[in-house]
Amino acid sequence: MPLTQMIYASQPFGFDDAMLAGILLDARRCNARDDVTGALIVRGDMYLQLLEGPKSKVEATYERIIQDDRHVNPVRLLTHEIDARMFPEWSMLDDPAKSWVWSIAEVRGGAVERFSAGKEALKFFQRLAASRADTAG
Ligand SMILES: Cc1cc2nc3c(=O)[nH]c(=O)nc-3n(C[C@H](O)[C@H](O)[C@H](O)COP(=O)(O)O)c2cc1C
């Protein structure tokens, strides 16, 4: 069964800590069931999520996610086949976005939309995976 990896960006709708905790609870429960792994980069004004796993499961997960009213404007940035997962140990790693994600000014200036080439988005997650590998205990 081929493995698929996809990345999308969206904007939180009514963001707060309790909502984020609820999203992560849902995500981890479903992903453990569906053999999906990945990471969610979180900012008050943007989600950037990587999902990976069996193609049909990843697509079904994304179909549910885009119906979710806890965020708006999902934009798919990348979908491709992979040989190995980037976050094999994480049903959904969450990471408070660091300065290496865009500034608010950059988002307002269209940085997310300009990302449509997609491969650029992978770099954020590659850095995140590498930083977590260093600190995994
Ligand atoms: C930003 C965001 C990320 C999410 N990530 C996932 C995820 O990785 N996997 C997942 O199954 N659901 C995720 N969800 C939750 C889904 O939208 C949905 O609530 C969940 O899959 C349960 O679906 P159901 O209510 O149809 O059973 C996410 C929601 C949001 C807003």
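Details of the structure are given in the entry above.
Note that the structure is a prediction, hence the values are computed from the model and not measured.

Caption draft 1: Structural view of helix α2 (residues 55-66). Taking 1.5 Å as the rise per residue, α2 with twelve residues should run 16 Å; its terminal C-alpha atoms sit 17 Å apart, in good agreement. Where α2 is buried, its residues meet β1 (3-12), α1 (17-34), β3 (46-54) and β4 (71-82).

Caption draft 2: Structural view of the packing of α1 against α2. Two elements in contact, α1 and α2, have axes separated by 11 Å at closest approach and are oriented at 155 degrees. Taken as axis vectors, α1 and α2 run roughly antiparallel relative to one another. For the pair α1 and α2, the sense of crossing is right-handed. Within the contact between the two elements, α1 uses Cys30, Asn31, Arg33 and Asp34 and α2 uses Lys57, Thr61 and Arg64.

Caption draft 3: Seen up close, the site of the ligand. Around the ligand sit 16 residues in total, of which Cys30, Asn31, Gln49, Arg64 and Asp68 are the nearest. At 2.8 Å, a side-chain N or O of Asn31 approaches a nitrogen atom of the ligand. The side chain of Arg64 places a nitrogen or oxygen atom 2.7 Å from an oxygen atom of the ligand. Protein coverage of the free-state accessible area of the ligand, which is 610 Å², stands at 79%. In a pocket analysis with a 2 Å cut-off to the grid points, the ligand is assigned to the largest pocket. Among the elements of the structure, α1, β3 and α2 are those that each provide at least two residues to the shell around the ligand.

Caption draft 4: Broad picture of the packing of aromatic side chains. Taken as a whole, this structure holds three aromatic pairs when the rule is applied. Relative to Tyr62, the ring of Tyr8 has its centre 5.3 Å away and its plane inclined at 50 degrees; by these criteria the two rings are tilted. Linking Tyr8 in strand β1 with Tyr62 in helix α2, this pair joins segments that are 54 residues apart in sequence. Across this residue pair, the class does not change: Tyr8 and Tyr62 are buried.

Rules used throughout
- Residues numbered from 1 in each chain as written.
- Predicted model: local features only at pLDDT ≥ 70, side-chain atom pairs only at ≥ 80, totals over all residues.
- Heavy atoms only, no water.
- Helix = DSSP H or I, 4+ residues; strand = E, 2+ residues; numbered from the N terminus.
- Expected span 1.5 Å × (residues − 1).
- Contact = heavy atoms within 4.5 Å.
- Axes fitted to C-alpha atoms, helices over the stretch in contact; angles between N-to-C directions.
- Parallel < 35°, antiparallel > 145°, perpendicular 65-115°, else oblique.
- Left-handed = near helix turned anticlockwise from the far one by under 90°.
- Near = heavy atom within 4 Å.
- Polar contact = N/O pair within 3.5 Å; in protein donor to acceptor, adjacent residues only side chain to side chain.
- Areas by Shrake-Rupley, 256 points an atom, 1.4 Å probe, with all protein chains shown as cover.
- 1 Å grid on protein atoms, 1.4 Å probe; cavity = no way out; pocket = protein on both sides within 12 Å on 5 of 7 lines; lining within 4 Å.
- Sits in = over half its atoms within 2 Å of the grid points.
- Phe/Tyr/Trp six-rings, centres within 6.5 Å; stacked < 30°, edge-to-face > 60°.
- Buried < 20%, exposed > 50% of the residue type's maximum accessible area, 1.4 Å probe, protein only.

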